[in-house]
Amino acid sequence: MKRTTKIIIAVVALLVIARLLLPYIVLRYVNKSLADMDGYTGHVDDIDIQLIRGAYQLDDLRIRKVNGKIKEPFLYIPKTDLSVEWKSLFKGKLVSEVECYEPEINFAFSESDAGSQTGEEVDWTVYLKKLLPISINRFAVIDGKVNLTSLVTQPRADLSLQHFQGEIRNIRNVNDERKALPSPVTASGNVLGYGGNMNLTANTNLLKVVPDFDYNLEFTDIQLVKLNALAREYANVDFNKGTVSVYSEMAMLDKKMNGYIKPLTKDMQIFKLDENKGRTVGRFFTELLAQVGTDVLKNQKHDQVATRIPLNGTIDDVKTAVWPTIFGLLRNAYVEAFRGEFDNNITLKDAFKSVKEDFKEKRAERKAERKEKRAERKAERQKKREQRKKENN
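Caption draft 1: Highlighting the overall build of the protein. Along the protein, the regular secondary structure elements total seven helices and 15 strands. Taking 393 residues into account, the globule formula puts the C-alpha radius of gyration at 21 Å, and the protein, at 29 Å, lies well above it. Considered along the principal axes of its C-alpha atoms, the protein spans approximately 115 × 65 × 40 Å. Intrachain contacts of the protein at a sequence separation of at least 6 include 58% that bridge at least 24 residues. As displayed, the protein offers around 23900 Å² of accessible surface, 57% of which is attributable to carbon and sulfur atoms. The centroid of the 64 positive side-chain charges in the protein is displaced by 6 Å from the centroid of its 54 negative side-chain charges.

Okay, structure coming up:
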């Protein structure tokens, strides 16, 4: 056998051995990196390397809180795919993408440190960089689950999003470099336990320390009877039937924000005369007054109570306006019913508007709309009069 052939065979043999050993080397490195994370610890069961695709997969990634009382791990991901984003590589940018399949994240809120599990004390970007030193440009969640335990502690109220789908693209601004908000975000999920669904669409700039954004967020068809534990505690009432949907638009630029929340109830019933399930006298009259108020403020045609609550200020001080909220209730009841959809009138440039300016602008728009409608009705009446004159002649 020639010397050259021996060298080639030796090199191939070394490459094969290196390829066989690489998963074990990477697995040891990953578990060492995740072992101590400022009060949390992580572990990966197995790793699969795909050199040709420039990727590797983590199997059964678990992150737990050290010295915590929560049984469920803070994060569990059966399969995580980390790879080079090839379409960006063709544009001359070396970035990566991450896909998490069926992940489960468990947040817990408590006054005690042992009963709390939020992950806010950890800078997770440090450990992401250890797992994937190439900057992430796309992050996706496929069929995930988000559990919020004791979101309200007294009485305890949990929230779970099932079948959560989410994606953030162009995080490193590979495309659309001139856009103020170059990174689109989408998310959706089913609100388990309360009925209804959640949907989010947004455009963001994630390269800033405090990101800029412009989002549309909706929770639709939440069952009011599922909220009775909270309603009894904080309003001394409970619901017999009905749904609530919440629509919100918000824009933030340089820590200044402007937007609104639009709650809309349908077919809501609070008071029921023959309800005898431990109802106190105080709750009887509270529910009766609440039902009277609901009937007064309800749009009879659409059987709904709704308003628009403007939000304005900074990230540290968000303010609401009382009078526009009250006017919104009256407008929905007696002028025009709010629609179960976004108003689509909040943009990034609106972030610097004050609540007062926003209210004045909306009032001017409504005034212009009413003026236009009056002009149309006047023209229609004039047309009918002229037509009657022709018929009489």
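Caption draft 2: Fine view of helix α6 (residues 322–334). Relative to the 18 Å expected for 13 residues at 1.5 Å per residue, α6 spans 19 Å between its end C-alpha atoms, a close match to the ideal helical length. Among all positions of α6, only P324, T325, G328, N332 and A333 are buried.

Caption draft 3: Just the packing of aromatic side chains, in detail. Inspection of every chain in the model, using the stated rule, returns nine aromatic pairs. With 5.2 Å between their ring centres and 80° between their planes, F271 and F284 make a pair best called edge-to-face. Here F271, found in the loop between β12 (256–269) and α5 (281–297), pairs with F284, found in helix α5; they are 13 residues apart in sequence, far enough to count as distant. Exposure remark for F284: the relative accessible area of 24% places this residue in the partly exposed category. Through a chain of ring-to-ring contacts, three or more aromatic side chains come together here, namely Y40, F74, F107 and W124. Cation over ring: K79 sits above Y101, and NZ or CZ is 5.3 Å from the ring centre.

Caption draft 4: Summary view of the environment of T307. Relative to the assigned elements, T307 resides in the loop between β13 (304–306) and β14 (309–314). When near neighbours in sequence (up to four residues on either side) are disregarded, T307 contacts I261, K262, P263, T325, G328, L329 and F338.

Caption draft 5: Structural context of the side chain of T265. Along the chain, T265 falls in strand β12. Taking relative accessible area as the criterion, T265 reaches 12% and is therefore assigned buried.

Caption draft 6: Here's a closer look at the pairing of strand β11 (residues 241–253). Counting buried residues along β11, 11 of its 13 residues qualify, which places the element largely inside the surrounding structure. Two elements, strand β10 (residues 212–223) and β11, share nine bridges in a ladder whose sense is antiparallel. From the neighbouring strand, D214 faces β11, where its bridge partner is A251. Note that β11 and β12 share 12 bridges and pair antiparallel.

Caption draft 7: Highlighting the nonpolar core. With 47 residues, the main nonpolar core has V44, I47 and Y56 as its most contacted residues. Those residues in contact with Y56 that lie beyond four places of it in its chain are V26, I47, D48, I49, T80, D81, L82, L131 and L132. Within the second largest apolar cluster, eight residues are counted, among which are V185, A202, F213 and M250.

Caption draft 8: Focus on the pairing of strand β1 (residues 40–50). Two elements, β1 and strand β2 (residues 55–65), share 10 bridges in a ladder whose sense is antiparallel. Bridging from a neighbouring strand, Y40 pairs with K65 of β2. Connecting β1 to the next strand, β2, in antiparallel fashion are four residues, including G54 with a positive phi near 65°.

Caption draft 9: A look at a positive patch on the surface. There is a patch of like positive charges on the surface, built from R363, K367, R370, K371, K373, R374, R377, K378, R381, R385, R388 and K389. Within the secondary structure layout, R388 lies in helix α7 (residues 355–392). You can call R388 partly exposed: its relative accessible area is 46%.

Caption draft 10: Summary view of a negative patch on the surface. A contiguous patch of negative charge on the surface is contributed by D36, D38, E120, E121 and D123. By the element assignment, E120 lies in the loop between β5 (104–108) and α3 (124–131).

The rules behind these values
- Residues numbered from 1 in each chain as written.
- Predicted model: local features only at pLDDT ≥ 70, side-chain atom pairs only at ≥ 80, totals over all residues.
- Heavy atoms only, no water.
- Helix = DSSP H or I, 4+ residues; strand = E, 2+ residues; numbered from the N terminus.
- Rg over C-alpha atoms; globule rule 2.2 N^0.38 Å.
- Contact = heavy atoms within 4.5 Å.
- Areas by Shrake-Rupley, 256 points an atom, 1.4 Å probe, with all protein chains shown as cover.
- Lys, Arg positive; Asp, Glu negative; His and termini not counted.
- Charge placed at Lys NZ, Arg CZ, Asp CG, Glu CD.
- Expected span 1.5 Å × (residues − 1).
- Buried < 20%, exposed > 50% of the residue type's maximum accessible area, 1.4 Å probe, protein only.
- Phe/Tyr/Trp six-rings, centres within 6.5 Å; stacked < 30°, edge-to-face > 60°.
- Lys NZ or Arg CZ within 6 Å of the ring centre and 35° of its normal.
- Pairing = 2+ DSSP bridges.
- Core = buried A, V, L, I, M, F, W, Y, C linked by side-chain atoms within 4.5 Å.
- Patch = residues over 30% accessible without salt bridge, like charges linked within 9 Å, V, L, I, M, F, W, Y side chains within 5 Å.
- Salt bridge = Lys/Arg side-chain N within 4 Å of Asp/Glu carboxyl O.

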